[in-house]
Structures are given as structure tokens and as C-alpha cells.
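Residues per chain are reported as follows:
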Amino acid sequence: MPDLVTSSEPMATTTRDGAAPPATPTAAIAVNGLAKNFGEVKAVRGVEFEVATGEVFGFLGPNGAGKTTTINMLCTLVKPSAGSATVAGHDVVRERDDVRRNIGLVFQDPTLDGYLTAEQNLRLHAELYGVQSSLVPARMEQVLTMVGLWDRKDHTVATFSGGMRRRLEIARGLMHSPRVLFLDEPTIGLDPQTRRSIWTYIRELKEREEITIFMTTHYMDEAEWCDRIAIMDHGQIVALDAPATLKAQVGGDRVAIHTDDDQAAIAALDERFGVEAGVAEGAVTFSIPSGEEFVPRLFAELGMPIRAVSVSRPTLDDVFMSYTGTTIRDAEEDQAKHRNRVMMQMMTGGRR
Amino acid sequence: MSTTTTAEHTAPGAAPAPAPREIVRVSVPKRTLTSELRAIRIVWRRELIRFRADRMRMVTTLVQPLLFLFVLGSGLQRLSSAGTHGVSLKTFIYPGILCIAVMFTAMFSAASIVWDREFGFLREMMVAPVRRSSIVIGKCLGGATVAGIQGVIVICLAGLVHVPYDPVLILGVFGLQLLLAFAITAFGVMVAVRIKQMQSFMGVMQMVVMPMFFTSGALFPASGLPGWLTVLNRLDPLTYAVDPMRRLVFSHLTISPAARRALDPGITWWGWHVPALLEAGVIVALGLVMLAVAIWEFSRTE
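All values reported here derive from a predicted model rather than from experimental measurement.

Cut-offs used in this document
Residues numbered from 1 in each chain as written. Chains lettered and ligands numbered in written order. Predicted model: local features only at pLDDT ≥ 70, side-chain atom pairs only at ≥ 80, totals over all residues. Heavy atoms only, no water. Salt bridge = Lys/Arg side-chain N within 4 Å of Asp/Glu carboxyl O. Helix = DSSP H or I, 4+ residues; strand = E, 2+ residues; numbered from the N terminus. Buried < 20%, exposed > 50% of the residue type's maximum accessible area, 1.4 Å probe, protein only. Core = buried A, V, L, I, M, F, W, Y, C linked by side-chain atoms within 4.5 Å. Contact = heavy atoms within 4.5 Å. Pairing = 2+ DSSP bridges. Axes fitted to C-alpha atoms, helices over the stretch in contact; angles between N-to-C directions.

Student: For this particular structure, what's the right way to read the pattern of salt bridges?
Tutor: Once their charged atoms are close, side chains differing in charge can pair, the charge on each being opposite to the other. Evaluated as defined, the whole model comprises 25 salt bridges over all chains. The partner of Asp113 of chain A in a salt bridge is Arg46 of chain B, and the shortest N-O contact between them spans 2.5 Å. Within this pair, whereas Asp113 of chain A is found in the loop between strand 7 (103-106) and helix 3 (118-129), its partner Arg46 of chain B is found in helix 1 (residues 33-53), the two belonging to separate chains. Each member of the pair, Asp113 of chain A as well as Arg46 of chain B, carries the same accessibility label: buried. Residue Asp260 of chain A is joined to Arg307 of chain A by a salt bridge in which the shortest nitrogen-to-oxygen separation is 3.1 Å.

Student: Hey, could you run me through the nonpolar core in this one?
Tutor: One recurring pattern in soluble globular proteins: nonpolar side chains tend to sit buried together. By size, the foremost hydrophobic cluster in this structure holds 174 residues, and its most contacted members are Ile29, Phe49, Leu74, Val87, Leu128, Phe182 and Phe214 of chain A. Among the elements that make up this core, the one with the highest residue count is helix 4 (residues 89-118) of chain B (18 residues). Those residues in contact with Phe182 of chain A that lie beyond four places of it in its chain are Ile29, Ile71, Leu74, Cys75, Val87, Ile103, Gly104, Leu105, Val106 and Phe214 of chain A. Membership of the second largest hydrophobic core comes to 17 residues, among which are Ala277, Phe286, Ile288 and Met304 of chain A.

Student: Please explain the sheet that holds strand 13 (residues 278-280) of chain A as it appears in this structure.
Tutor: The strands making up a sheet associate through backbone hydrogen bonding, with each pair oriented either parallel or antiparallel. Residues and elements named next belong to chain A. On the basis of which strands lie adjacent, the open sheet formed by 4 strands has the order 13-14-12-15 and antiparallel pairing. Each edge of the open sheet is held by one strand with a lone partner, namely strand 13 and strand 15 (306-312). Strand after strand, the sheet turns through a mean of 35° between neighbouring axes, direction not considered. Sheet topology places strand 12 (residues 253-259) next to strand 15; 6 bridges connect them, and they run antiparallel. Its bridge partner being in strand 15, Ala256 is matched across the sheet by Ser310. Those strands touched by helix 10 (residues 291-301) are strand 12, strand 14 (283-288) and strand 15, and its axis lies near 165° from that of strand 15.

As C-alpha cells, then:
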């Protein structure tokens, strides 16, 4: 086994086992005009993006926006109708096997064998992937310890809770030291506490292993954990940047003040700061860049007493709203839901 | 395969005491014959582990064959005693039971593909960087092994139906059972690849298994039948497992020539007596064809 590396230092970016170098040296994933049609339904309509090595990249959008289809194309599970993509330097169509050797997958739906123990599930995975037998026990201990399931390794998976199963799936996805880990809705259907702990594992993973993480979610608050996010709607990427940058683009912070005389306050705001304010939810509300820095000036220069003040940053909900004209929840509830159902039928009927 | 090692074993030439936070990196090699064999072995082992965990299955799949053997065999004894020339009906049915016990179990094993699909586990195997054929072969070998274990249980009952425990006989019976089990699992997998729900699979199996069982000659001698039944009997693949099995068992019995002629007439094709080896060959050939079809189908699915 010539190329096993056991090191406590972060490894330099090298191409494992002498594979062809990626299109862009630093890109873990490079996508070019990728599209997928299921009959009449255009699930993905030509997306382009690059994910750098070591990045945590999030795909955000309502159900049926095309996130899972995109992830399936990148994982070589679905053949693209048009466009191309490389993952870990390998083409997802022409070098399917090379891609598969270098990626870990955690699906939306569970794919564990409930009859087997946690350890048996991981061992099966290691054997299928041909991991060096001598390293399997140590690697297994490591990934199981990371997700806090080491002491449960001899229990059958059927006895595990939903959160434990998801953690075990993540551990299994890491078992063969993939260069890119794909997580399709890793926290869907889990309680907030478990979701948080899974995110802790993902961040810890990023610290410890030289790994790129590509994930989809439709929880806005989770996207905040990503280094960069792409917002997807109707099969297209409508925005792509760091969460903070995206939020900054939406506009200023929201400032709300409580005063004794709202009308006077609105007039004063207009007169002294040139700010257009209105009354919302019983408070004088206005939008302004870097709201926190504005608050001291407000107290000093407004010329009337302020009883309370609150500053809130724009959320990703606002971002989503500004790009798609709807909130993610509304988008999910109407047409997307219907489309998703149609698509699911076509996928299960036509694909497997 | 070592299963009880710890972190110390991993880095023979590295630092004497690895730090606890050290990262164990593994790599996935390119596909080779060895890695395919490892995949086959682990898929096979999984079938065995699951079989061991599911002891109920061991019992439930044996109920039906044993009902036929003991209840039908004992119940119809008096009606049929005139025609069996002093041979117990149970003894006559026994070779057929040796076959169907294996067949039922093998079908169940194949069903696990449908099961795996329903519970998502199939996906884990589908995305692994191994050939689909390795997965199918592993499944079929696993099914054959599990069915073989069931077969051994039925072999153990030989004494109860007046069949001697002869080592040559036992080995021969077991070999035939393994062949049949492999062929049936391949057939089951071939069907299971196209089916997405357990209920439908069970329905299809009932539709296939019972007619195969009834027309195979497991319960009656395959000579002097009405024309339509003779045709069905000769077309039924199971016939070519039951007949050599019966010849094998009967060759170790001491019975009258008349009884042998009546109960073990052998299979004929247009009057030509088909040799037992050719019959076994039919089973092997069918098994391989169905395995090939199963692999081909399985490779096409995403």
C-alpha cells in the first residue's frame, strides 16, 4: 500500500494516486452548463459554478428546485442531459468510477442496513470500496468517535434513533476518506438539537480532514454555516456568494425604535438623516446600512427620547425573497410541491 | 480479515505513540479483480449475517416443505399404497422436498434485493465503485449458501423417511441442492431487479413457485401423465432438479424392480431417456443464463 498517509498535519493539496489534475487546480467541483430534463420537465436548466477545495458549499432552495437532481448528477447517479462537470478532477460521465472512489455520499433517504450493527455497516462499506484492510479498524474508530457512536458500534442499526442513523451515515460516508462529501439534506426531519450537533460534526470535519463538503438544504438558518451558498429556484442558480455578502446585497439593516410620538419621530428622521421611515408592528421602522453604527448617532441627534431600539440584520429569507420574489416556505407550498410530485413519479418510474 | 485491531496497528513505521487526534487516512484503490472479489465476499457475508439474525425465516420457510412431506405423505399413504409397491409415500416425496425446501429459501434470499431497494440499502451498493456483476454474484452465492444450509436440515431428516445416511448420497444431494439454489436465486434476482415493491414480488413468486412445484414431479412420477401435463412437466426447470435427485436417492434404496419402474421412471424427451448429468447440466445452464440476464438488467438500472 504505497499511498497511505497517516499524518496529523493537514495534508498538502495533492492529487491522490496520480490521477489527472483538475480543470482548475483548486476546484473540487467544477460545473459547466449542467442541465437535466425528465421528459418535459426541466429539472435543472444549465447551472455553472465552482467549489474550491476545503470549502463548505451549500445549495439552498425549496423542494423541487433541482437541488437533488444536481447533486445526483455530480454523484454520477443521474446522467446530465447537457453540460459537464468534474468532481475531484474527474468527469462525472466519462470517469464515473474515479469520481465514485473520491466521493462520500449521504442521501436524503436512509441507506443503512438495519439488521446489521453500526460496525458491520461501516465494514461493509469499507469492503465495497476496497479500503486497505489494515486501516479499517482505526479509521472506523475515528469516524465513529467523531459522530459520538463509538460506544454503540455493536448495536444493530434498527435500535438507533433518526439522529443517530444520520450521524452513522455521515460516518460511513467518510469511511473511505473521500475528497468531496455530498450531503443531501443531512438534517431533514431531525429535531433542532440534533441538527445543531450534526452541523458541529460537519464543521469539525472541515477542520480536521482535508475535505470539501457539498450539501443541500432548505433550512435558511442552516445555510449560514456554509462558506458559500448558491440559491436555486426553478432549476437555476439565482444567487451565489458567501451568506454575509448575499445579505449585504439585500440592503441595510432593519432598525425599529419605540418613541412617545411616532409621527414626530418619522418627521425628525426625515429631516435630520434623510431617512424614510414607517410604522410597522407598532414601531417606527426603517432600513439603513450598518445599523449598529447608526444607533449612537440616532440617540445623539434625533432630539427626542427613544424608549427602545432594535437592530436586525437581513436574513437569508430576505435574500431568497429578493431574488425569487417569494419566501422559501411559500415557494414550497404552491407550485413547487406539485412539480416535485410529478418529477418524483417520473424519476421513480423512469430511472430505476 | 482482522476485526479486533486498534489504532496502534495502523502505522507500522510511523511515530511510536500516535496522537489521539491523528487522522487515519485511507484511500480507495482502482478497481481490480481483488477488489471485486472482496465486494463479492462482503455481499455474500451480509446475506449470511442477515440469515443468522433472522432465525424466524429458517423456521417459516421450512414449514411448507415439511407439511408436504409429513402431512401429505402420511395422509395419502393409504390411498396410494397400492401404487407404490410397498415404498412409503414419504420416501417417494422426499427427493422433491429436498428440492423445494431449497427453492423456497432461495426465492426468499432473492427477495432481499427488493427489500434493500425499499429500505434504501441497495443505493449504498449501487454507488460503490464496484461492478454491478459483483453485487449480483455475491447475492446469488449468498442465496445459494443460505438455501444450502436449509437443505442440510432436510437432509438430516432422511432417517425419518427410511432413506439411509450414506456419505456419497448426502454429498450428491447437497451438491444438487447448491446448484438448484444458485439457479433459483439467479432467477429470483432477475425478477427482483425489475420489481419495486415487496408485495408485488411475493405475488409474482407465488405465481411462479407453486406451478413450478406442482408440475415438477415432486409429488408424482413423471411418466404416464396426460399429454398437457407431460408438456408442462418437461418445460418446468424444476423437473430437471427433482428427477436427478430422485434417481440419486432411489439408487441408495433397496426396493423391488417394479417399485423402481413405477416410482423412478426418469424423464424422457420424445422417448429418449435423459441422463441425470444432462439434467443437472440443464439446471446449471439455466442458472448461468439467468445470472447473465440479472447482471445485464442490474447494470442498466441507475
